[in-house]
Amino acid sequence: METIFVNLAQGFQVALTPMNLFWTTFGGVLGTIIGMLPGLGPATGVAVLLPLTFAMGPVGAMITMAGVYYGAMFGGSRASILLNTPGDGAAIASCFDGYPMTLNGRAESALAISAIASFIGGMIANVALVFIALPVARFSLHFGPAEYCLLMVFALAATAAMSKDKILLGFIGMFLGLMIATVGQDGLTGISRFTFGVLELQGGIDFLIIIIGIYALGEVFKSFKTVHDPNRKMQTKFGKIWITKEDWKRSWPAILRATPLGFFIGALPGAGGTMAALMSYNNEKNFSKHPEEFGKGAIEGLAAPEAANNASSVGALIPMMTLGIPGSGTTAVMLGALLMLGLQPGPLLFEQQPDVAWGMIASMFIGNIILVVVNLPLASVLVRLLAIPGKILYPIILGLAFIGTYAITSSTIDFFTLIIFGLIGIFMEKAKIPSSPLILAGIVGGTMEQSFRQALMISNNDPKIFVGSPIALVLIVLTLVSVVWPLAKGAFSRKTVKAGA
Amino acid sequence: MTMNLITGIAAISIGGIYTLMAFMLPRSTFGDPSRHLVFPIIIGIGMVALGIAQTLLELGRISTGKAEEKVALPKTLSRYGKEIVITVIASIVYALIFEHAGYVISTILYLGCILFLINGKKGAVANVIVAVAFSVSVYALFAYALGIQLPSMPFLDI
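In this text the structure is predicted, and so the values were computed from the model without any measurement. (Residues numbered from 1 in each chain as written. Chains lettered and ligands numbered in written order. Predicted model: local features only at pLDDT ≥ 70, side-chain atom pairs only at ≥ 80, totals over all residues. Heavy atoms only, no water.)

Trainee: Is there a simple way to think about the overall build of chain B in this case?
Mentor: For chain B, the helix and strand inventory stands at five helices and zero strands. Counting from the amino terminus, chain B carries its helices and strands in the arrangement α-α-α-α-α. Its C-alpha radius of gyration of 25 Å places chain B more than 25% over the 15 Å reference for a compact globule of 158 residues. Oriented by its inertia axes, the alpha-carbon framework of chain B measures out at about 60 × 55 × 25 Å. The buried share among the 158 residues of chain B stands at 43%. The long-range fraction of contacts in chain B, counting pairs at least 24 apart against all pairs at least 6 apart in sequence, stands at 58%. Just so you have it, chain B exposes about 8700 Å², and 73% of that area is on carbon and sulfur atoms. Side chains of chain B give 10 positive and 7 negative charges; the mean places of these two sets differ by 11 Å. (Helix = DSSP H or I, 4+ residues; strand = E, 2+ residues; numbered from the N terminus. Rg over C-alpha atoms; globule rule 2.2 N^0.38 Å. Buried < 20%, exposed > 50% of the residue type's maximum accessible area, 1.4 Å probe, protein only. Contact = heavy atoms within 4.5 Å. Areas by Shrake-Rupley, 256 points an atom, 1.4 Å probe, with all protein chains shown as cover. Lys, Arg positive; Asp, Glu negative; His and termini not counted. Charge placed at Lys NZ, Arg CZ, Asp CG, Glu CD.)

Trainee: What is the right way to read the confidence of the model for chain B from this model?
Mentor: Low-confidence regions, as indicated by low pLDDT, have predicted coordinates that should not be scrutinised in detail. When pLDDT is averaged across chain B, the result is 89; 97% of the residues are at 70 or more. Mean pLDDT across the elements of chain B bottoms out in helix α5 (residues 124-146) of chain B (89) and peaks in helix α1 (residues 3-23) of chain B (95). (pLDDT = per-residue confidence, 0-100.)

Trainee: It is not clear to me how the side chain of R35 of chain B should be interpreted in this structure. Could you clarify?
Mentor: Mapped onto the secondary structure, R35 of chain B falls in helix α2 (residues 35-63). In this structure R35 of chain B comes out as buried when scored by relative accessible area, which is 14%. Among all residues touching R35 of chain B, those that are not within four sequence positions of it are R453, L456, M457 and N461 of chain A.

Trainee: How should the packing of aromatic side chains be read in this particular structure?
Mentor: Here the distance between the centres and the angle between the planes together describe a pair of aromatic rings. Evaluation of the coordinates by the stated rule reveals 26 aromatic pairs over all chains. When the ring of W23 of chain A is compared with that of F26 of chain A, the centres are 5.8 Å apart and the planes differ by 70°; the resulting orientation is edge-to-face. Taken as a pair, W23 of chain A and F26 of chain A lie in helix α2 (residues 18-36) at a separation of three residues, close to a single helical turn. Considering the side-chain rings of F415 of chain A and F98 of chain B, the 5.0 Å spacing of their centres and the 70° angle between planes classify their relative orientation as edge-to-face. A residue pair is termed interchain when its members come from two chains, as with F415 of chain A in helix α19 (residues 413-430) and F98 of chain B in helix α3 (residues 79-101). The same class applies to F415 of chain A and to F98 of chain B, which are both buried. Between the NZ or CZ atom of R257 of chain A and the centre of the ring of F287 of chain A, over which it lies, the distance is 4.5 Å. (Phe/Tyr/Trp six-rings, centres within 6.5 Å; stacked < 30°, edge-to-face > 60°. Lys NZ or Arg CZ within 6 Å of the ring centre and 35° of its normal.)

Trainee: Just to check I follow, could you spell out unusual backbone geometry for this structure?
Mentor: Peptide bonds are, in most cases, trans, and in most cases residues other than glycine have a negative phi. All names here are of chain A. The backbone of N460 shows a phi angle near 60°, a positive value even though the residue is not glycine. Tracing the backbone through its elements, the reader meets N460 in the loop between α20 (435-458) and α21 (470-500). The class for N460 is exposed, based on a relative accessible area of 68%. Despite not being glycine, N461 has its phi angle at roughly 65°, a positive value. For N461, a relative accessible area of 38% gives the class partly exposed.

Trainee: Help me understand α2 of chain B in this model?
Mentor: In an α-helix, one full turn covers 3.6 residues, which means residues spaced three or four apart are oriented alike. For α2 of chain B, built from 29 residues, the straight-helix expectation of 42 Å at 1.5 Å per residue is met to within 8% by its first-to-last C-alpha distance of 43 Å. Where α2 of chain B terminates, the next one or two residues include G65 of chain B, which has phi positive at roughly 75°. (Expected span 1.5 Å × (residues − 1).)

Trainee: How do you make sense of the nonpolar core when you look at a structure like this?
Mentor: Within soluble globular proteins, side chains that are nonpolar tend to cluster in buried spots. Core analysis: the biggest nonpolar cluster contains 209 residues, and F171, I211, M334, F350 and I361 of chain A together with Y103 of chain B have the highest contact counts within it. With 16 residues, helix α6 (residues 107-139) of chain A is the largest single contributor of residues to this core. When near neighbours in sequence (up to four residues on either side) are disregarded, I361 of chain A contacts L8, L129, V130, M321 and F350 of chain A. With five residues, the next largest nonpolar core counts A93, A277, Y281 and A298 of chain A among its residues. (Core = buried A, V, L, I, M, F, W, Y, C linked by side-chain atoms within 4.5 Å.)

Trainee: In this structure, what is going on with the interface of chain B and chain A? I would like to understand it.
Mentor: The accessible area lost on association of the parts is a frequent measure of interface size. Taken together, the contacts link 62 residues of chain B with 59 residues of chain A. The largest per-residue losses of area from chain B upon contact with chain A belong to R35, F39 and Y80 of chain B, which jointly make up 14% of the total buried on that side. Taken together, chain B and chain A are joined by zero salt bridges. The tally of links from chain B across to chain A stands at four residue pairs in polar contact (both at pLDDT 80 or more). (Buried area = accessible area lost by both parts, 1.4 Å probe. Salt bridge = Lys/Arg side-chain N within 4 Å of Asp/Glu carboxyl O. Polar contact = N/O pair within 3.5 Å; in protein donor to acceptor, adjacent residues only side chain to side chain.)

Shown next as structure tokens:
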């Protein structure tokens, strides 16, 4: 326990340097703005930010990217509350009661409670992260190559299986990602695989380009569908952005219930802020003495998902930092950036780079305080950014996507890869193939194959190594449950609907 | 043909070709000659299996009338389709001229083209201001603040 406090104190020393305070504020405010703008989520924000991280160094880069992530959770609800258009997926549930509050003339209370709930949710989740991260990282030191391979199989299977009734499509996306990960020269034998003789593919397809292609370019292409819709009118003049005693009385129990739920869901691979927010909303509705008020402007219906999505963004950092396994699209991009900066996330990150790991955790406490200050008194100024027309915004994102690609590879050949993955993003959207499994598989595919081959090498090609330890068996059971559970649940609900009819 | 059926057939084709290519990879001259094939073969076969499952399920849905709408190629491109095609062409041209024309000029042309396409001629002034301001400020940020070298303008070393 003492070690944790010593480490955290050192983390605060790192995070409180003027430069890192600047990156915390910069990341958080940028995240708030990106999260606010409809269609742009934290993954896109971190993806277009990548080239800037070159100049920041590992600590600055991680602090900024984490800031973008939780900042987007703060900002995501602004458009939900004022325009009934979620800034990102995690803010969908904030539309349900946030927008009716605006229609009822209570936009100020809605904006205030969303910032307060985000702050409390984020802070409690940060405390949980402090105490959980190190034990998880230490436990994962017991993992051998077989366990690591199975852990990645579990993370990928869980992510693919989260695709609701499109589980098969989720798995197709996952396998496509694994295929992409095998392109290039094999690290152990030097044999070129699936390069079609193209010299530029020898080094493999850079997964950061895939991420920018699918998240940034793909999103812009998709936005062309709606970009010509006339802008809806939005409230721009506000009174004091604060809540009443009665609002607080109704909100705090909801915040305290939603935070642990959001944190836990965030830490599960594949289940991100959207699921955390929706589950906490439903949970709150079930708990409420006035469920009939939900959907009509119940303040606890806004407080719960806001606390949950912030807590989930903190929870999602646990598998990424302690195991080196990204649990969501945004943490996948962050993991990619860490690798690019020469760091190896996973159990040894806390041992070998404590300044990065604890500096980032400490910065999240500071960032939350900065963001609640930014999001309360300055909310009325920030929301004016929602008036930027998409017709101007999306071409700028295109420009950022290309410059980001060039900054990563210094080659225009990858512009073509970027365009191809942008188009793949559109096809995937048309075919309803979720993008997260592909991205996650593209990133962990290389490590997964390496662990797979190491395990076989150790065991002299005996596949029993994959069932040879209790950890391996637990991971296999978890993988099976993560796939079978949604299928069984789907079949059960279909049966119930039929019986009801 | 429905989109789900297209996806199923595409998965079978991609998985099949990938598996064949995996089998045809050269063998290693040291250590286990074929260990580098095992993982790709598992993935390839997995993809084919998923494709078959997707196709069979969709055929079942089609036969019971529960399938989604069929996808037909449109005779003319919609505005959305045209904008994507033009953006892709502009992006390809951008990739081709990027290093020759330099970052600033190529980006002004590219962004200008996309802005005129999306924002229209009515917003001409805003389009020009955004294209120029974005290109110049990003170049300044990268070249001077971040120390990342971008292609400079021809004849002018900036």
